[in-house]
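Commentary on secondary and tertiary structure
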Amino acid sequence: MVNEYQHISDKELIEHFYAEKDNKWLGVLFHRYTLLLLGVCMKYLKDEDEAKDAVQQVFIKALTEIPKYRIDFFKSWIYMVAKNHCLMQLRNSKNNPVALEDNLEYTVADNDLQLKKEQEISYEQLETGLAKLNPAQQHCIKLFYLEKKSYADIVANTNYTMLEVKSHIQNGKRNLKMYLLQQKVND
Amino acid sequence: MSDIKAIFTSSDDASKKWSSDELLQYIKHTLPPEKRVLLEQQMLEDPFLNDAIEGMQQYKTEQIMQQAVFTINTNIKDRLDEKKRLQKKRSFKDLPWIALTILVVIGLCVAGFFIIQQYLKYMHKP
């Protein structure tokens with residue numbers, strides 16, 4: 001039943017729901033995100049049964065919340081609802097104290113950066129920025145973006161663990177971004 | 001080797017939507033290498049995708065995960081169907097009241113018509 005709606009975007013599905021008030025559209029939308037949300041809840045709760053229950057509660061919450069507000073970006077909204085639900089559940093559980101300060105808001109990575117337009121970045125700036133990174137970050141970024149190696153390939157070709165590879169790429173990219181933004185400010 | 005600008009420029013496939021099968025293939029290390037890299041690049045930009053895959057990797061077996069997805073989808077479908085059924089029932093329940101209201105309004109109109117007719121006849125009597 002759900003495959004026949006594959007060509008319809010999330011935005012169109014939710015528009016159909018607002019126009020027709022038919023829960024069928026929410027059913028299609030929820031079905032799209034079940035696996036992803038289960039993964040998110042599992043990541044935070046680290047328990048298969050709790051993750052399953054959490055996803056169902058998130059959907060039930062979504063059923064009551066969506067008709068009340070206008071949701072334009074369902075994907076980021078449902079992620080935020082699920083993440084907040086898990087973090088609140090962890091906070092309420094006495095055995096799992098967790099720091100929440102930075103976690104209760106969803107921000108899309110790179111939102112604030114204007115570096116995506118190719119013409120805004122020069123090769124010289126990129127090469128200089130890359131050279132300023134520490135050797136591990138430089139190495140991982142080159143393998144990942146320039147040689148198109150996967151995390152597993154990088155682990156196999158270096159002495160780094162999977163976690164180190166991810167961290168070197170993430171931190172390296174962030175440092176490079178900061179360097180380029182600084183250059184833009186200086187210009 | 002790719003252009004150095006690939007670090008910050010998205011390819012045409014950067015907004016690709018991943019099917020459940022492809023995500024499961026990634027977990028099982030059977031996704032083709034080029035798709036694997038593309039997915040990992042998207043994971044860096046999309047915290048939702050990143051969290052989801054990290055969580056999926058924590059499942060002991062794929063069967064447990066698939067079973068959980070099936071259970072959730074079935075329960076939600078049942079809930080949505082039940083809601084729809086109740087809405088329909090409620091609308092049928094309201095039907096006699098709607099019919100009664102229409103009848104009363106029609107009755108008042110007919111009565112009003114006759115009263116006005118009688119009044120007009122009375123007024124025109126010599």
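Structural notes, computed from the coordinates. Note that this is a predicted model, so its numbers are computed, not measured.

About the cut-offs
Residues numbered from 1 in each chain as written. Chains lettered and ligands numbered in written order. Predicted model: local features only at pLDDT ≥ 70, side-chain atom pairs only at ≥ 80, totals over all residues. Heavy atoms only, no water. Salt bridge = Lys/Arg side-chain N within 4 Å of Asp/Glu carboxyl O. Helix = DSSP H or I, 4+ residues; strand = E, 2+ residues; numbered from the N terminus. Buried < 20%, exposed > 50% of the residue type's maximum accessible area, 1.4 Å probe, protein only. Patch = residues over 30% accessible without salt bridge, like charges linked within 9 Å, V, L, I, M, F, W, Y side chains within 5 Å. Areas by Shrake-Rupley, 256 points an atom, 1.4 Å probe, with all protein chains shown as cover. Lys, Arg positive; Asp, Glu negative; His and termini not counted. Charge placed at Lys NZ, Arg CZ, Asp CG, Glu CD. Expected span 1.5 Å × (residues − 1). Bend = angle between axes of the 7 residues up to and from the residue. Polar contact = N/O pair within 3.5 Å; in protein donor to acceptor, adjacent residues only side chain to side chain. Contact = heavy atoms within 4.5 Å. Nonpolar A, V, L, I, M, F, W, Y, C, P; charged D, E, K, R; others polar.

**Considerations on the pattern of salt bridges**
For the structure on display, the rule yields 15 salt bridges over all chains. Among the salt bridges present, the one from A:E48 reaches B:K60, with a minimum N-O distance of 3.8 Å. With A:E48 in helix 3 (residues 48-65) and B:K60 in the loop between helix 3 (47-56) and helix 4 (62-124), the pair connects residues from two separate chains. Accessibility expressed as a relative area gives 16% for A:E48, which makes it buried.

**Points about a negative patch on the surface**
A cluster of acidic residues, A:D47, A:D49, A:E50 and A:D53, forms a negative patch on the protein surface. Along the polypeptide, A:E50 turns up in helix 3.

**Concerning unusual backbone geometry**
Residues and elements named next belong to chain A. The backbone phi angle of K46 is positive, close to 55°, even though this residue is not glycine. Mapped onto the elements of the fold, K46 is located in the loop between helix 2 (23-45) and helix 3. Positive phi, normally seen in glycine, also occurs at K148, with a value near 55°.

**Overview of helix 2 of chain A**
All names here are of chain A. Along its 23 residues, helix 2 runs just 29 Å from first to last C-alpha, ending more than 12% under the 33 Å computed at 1.5 Å per residue. At T34, helix 2 shows its largest kink, close to 50°. A large share of helix 2 lies buried, amounting to 20 of its 23 residues. Its side-chain oxygen at 2.9 Å from the backbone nitrogen of K24, D22 defines the N-terminal cap of helix 2. K46 sits one or two positions beyond helix 2 and adopts a positive phi of about 55°.

**Thoughts on a nonpolar patch on the surface**
Together, B:L95, B:I98, B:I102, B:I106, B:V110, B:F113 and B:F114 line one region of the surface with nonpolar side chains, adding up to about 670 Å² of accessible area. Considering the arrangement of structural elements, one finds B:F114 in helix 4.

**A short note on the interface of chain A and chain B**
The figure often quoted for interface size is the accessible area lost as the parts come together. The interface of chain A with chain B comprises 59 residues on the first partner and 45 residues on the second. Between B:D51 and A:K43 there is a salt bridge, and its shortest N-O distance comes to 2.8 Å. For the interface between chain A and chain B, the tally reads 12 residue pairs in polar contact (both at pLDDT 80 or more). Mapped onto the side of chain A that touches chain B, the elements with two or more residues apiece are helix 2, helix 3, helix 4 (74-92), helix 5 (123-132), helix 6 (135-146), helix 7 (151-157) and helix 8 (162-186) of chain A. Here the element with the most residues in the side of chain A that touches chain B is helix 2 of chain A; it accounts for 16 residues. Broken down by class, the residue content of the side of chain A that touches chain B amounts to 32 nonpolar, nine polar and 18 charged.

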